[in-house]
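Structure assessment
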Amino acid sequence: AAGVIQSPRHLIKEKRETATLKCYPIPRHDTVYWYQQGPGQDPQFLISFYEKMQSDKGSIPDRFSAQQFSDYHSELNMSSLELGDSALYFCASSFREAPGAPGEQYFGPGTRLTVT
Amino acid sequence: GDSVTQMEGPVTLSEEAFLTINCTYTATGYPSLFWYVQYPGEGLQLLLKATKADDKGSNKGFEATYRKETTSFHLEKGSVQVSDSAVYFCALSQYSGGGADGLTFGKGTHLIIQP
């Protein structure tokens, strides 16, 4: 079965640079979520999109932005990178079965971002 | 805000031992509850879920019951295997206003099963 695809899998950037992470949801899934997992930490919810519109917002820094495109893939843009942004970034997708019931979240393998 | 508290690890057990990983939550309303498992170098996989009080989620020999009165969702398995070694996350989700709310995770419990 098709899974969530994230690219790149690994990314190394220097401080103050920008980075763009991409997420391709499972076919027919209409909702995308972004999470950040620091070393030895639990995943922290950043932001979600449903049908190309922002749906929920978590602890996403102002330096980060994201969007969902017409083909439902999503991109997380990160600017003015800091050392503390080094983490594993997960994308998850789900299918909204009914209003108020977004469905199970399926996670991608993650993008490991290292800021030096 | 919502929060999830789970027992600190690592938890080390021998193969075929009984497993319990405690999880309690604080949330307004009636959240859905989940257990996710993360193997080294991999993403999170949904292990089981429960969407209302007294529901029991089960999968691959693991079980957890949604207890509203004690705000708990403890994970149990009768006989663990070496292949169960992983990090286990308890999580909750609120579907408020029809939005696609993100999951709130606990800190994770590292489970080590020795042969």
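Computed from a prediction, not measured in an experiment: that's the story for all the values here. (Residues numbered from 1 in each chain as written. Chains lettered and ligands numbered in written order. Predicted model: local features only at pLDDT ≥ 70, side-chain atom pairs only at ≥ 80, totals over all residues. Heavy atoms only, no water.)

Some points on the overall build of chain B
Looking only at helices and strands, chain B has zero helices and twelve strands in total. The linear arrangement of helices and strands in chain B, starting from the amino end, is β-β-β-β-β-β-β-β-β-β-β-β. In terms of C-alpha radius of gyration, chain B reaches 14 Å, essentially the compact-globule figure of 13 Å for 115 residues. Here chain B holds 115 residues, and the buried ones make up 45% of them. For chain B, contacts bridging at least 24 residues in sequence account for 57% of all contacts bridging at least 6. When the accessible surface of chain B is summed, it comes to about 5300 Å², and 48% of that surface belongs to carbon and sulfur atoms. Once the 8 positive and 12 negative side-chain charges of chain B are each reduced to a mean point, those two points are 5 Å apart. (Helix = DSSP H or I, 4+ residues; strand = E, 2+ residues; numbered from the N terminus. Rg over C-alpha atoms; globule rule 2.2 N^0.38 Å. Buried < 20%, exposed > 50% of the residue type's maximum accessible area, 1.4 Å probe, protein only. Contact = heavy atoms within 4.5 Å. Areas by Shrake-Rupley, 256 points an atom, 1.4 Å probe, with all protein chains shown as cover. Lys, Arg positive; Asp, Glu negative; His and termini not counted. Charge placed at Lys NZ, Arg CZ, Asp CG, Glu CD.)

Section: the sheet that holds strand S9 (residues 75-77) of chain B
Residue and element names in this part refer to chain B. Within the open sheet, the four strands sit side by side as S3-S9-S8-S7. Their pairing is antiparallel. Each edge of the open sheet is held by one strand with a lone partner, namely strand S3 (19-21) and strand S7 (56-59). Taken over all neighbouring pairs, the strand axes of this sheet differ in orientation by 15° on average, direction set aside. Sheet topology note: the S3/S9 ladder contains three bridges and is antiparallel. Bridge pairing in S9 places Thr20 opposite Glu76. (Pairing = 2+ DSSP bridges. Axes fitted to C-alpha atoms, helices over the stretch in contact; angles between N-to-C directions.)

Here's the deal with the environment of Thr24 of chain B
Residues and elements named next belong to chain B. For Thr24, the location among the structural elements is in strand S4 (residues 23-26). For Thr24, a relative accessible area of 33% gives the class partly exposed. Taking the C-alpha atoms as reference points, Thr24 and Cys90, separated by 66 residues in sequence, lie 8.6 Å from one another. Excluding residues that lie within four positions of it along the chain, Thr24 makes contacts with Ser3, Val4, Thr5, Thr71, Ser72 and His74.

Observations regarding the interface of chain B and chain A
Listed by partner, the interface residues are 18 residues for chain B and 23 residues for chain A. Summing the contributions of chain B and of chain A, the shared interface buries around 1700 Å²; its carbon and sulfur component is 53%. At the boundary of chain B with chain A, the tally comes to two salt bridges. Joining chain B to chain A, the criterion identifies six residue pairs in polar contact (both at pLDDT 80 or more). Broken down by element, the residue count for the side of chain B that touches chain A peaks at three residues, all from strand S6 (residues 44-50) of chain B. Residue composition of the side of chain B that touches chain A, by class: eight nonpolar, six polar and four charged. (Buried area = accessible area lost by both parts, 1.4 Å probe. Salt bridge = Lys/Arg side-chain N within 4 Å of Asp/Glu carboxyl O. Polar contact = N/O pair within 3.5 Å; in protein donor to acceptor, adjacent residues only side chain to side chain. Nonpolar A, V, L, I, M, F, W, Y, C, P; charged D, E, K, R; others polar.)

Thoughts on the sheet that holds strand S8 (residues 74-78) of chain A
Residue and element names in this part refer to chain A. Strand order in the open sheet formed by four strands is S1-S3-S8-S7, with antiparallel pairing between adjacent strands. Among the strands making up the open sheet, the edge pair consists of strand S1 (5-7) and strand S7 (64-68). Strand-to-strand twist in this sheet, taken as the mean axis angle between neighbours without regard to direction, amounts to 15°. As defined by bridge partners, S7 adjoins S8 across five bridges and the pair is classed as antiparallel. Within the sheet, the bridge partner assigned to Gln67 lies in S8 and is Glu75.

What to know about the side chain of Thr31 of chain A
Residues and elements named next belong to chain A. Residue position: Thr31 is located in strand S4 (residues 31-37). Judged by its relative accessible area of 0%, Thr31 falls in the buried class. Side chain to side chain, Thr31 and Asp30 meet in a polar contact 2.9 Å long.

Remarks on the packing of aromatic side chains
All names here are of chain A. Tallied over the full model, the rule gives eleven aromatic pairs over all chains. Taking the centre distance of 5.3 Å and the plane angle of 40° together, the rings of Tyr35 and Phe107 count as tilted. In this pair, Tyr35 is assigned in strand S4 and Phe107 in strand S10 (residues 106-107), connecting sequence segments 72 residues apart. With respect to class, Tyr35 is no different from Phe107; both count as buried. (Phe/Tyr/Trp six-rings, centres within 6.5 Å; stacked < 30°, edge-to-face > 60°.)

Everything listed is a geometric property; what it means functionally is a separate question.
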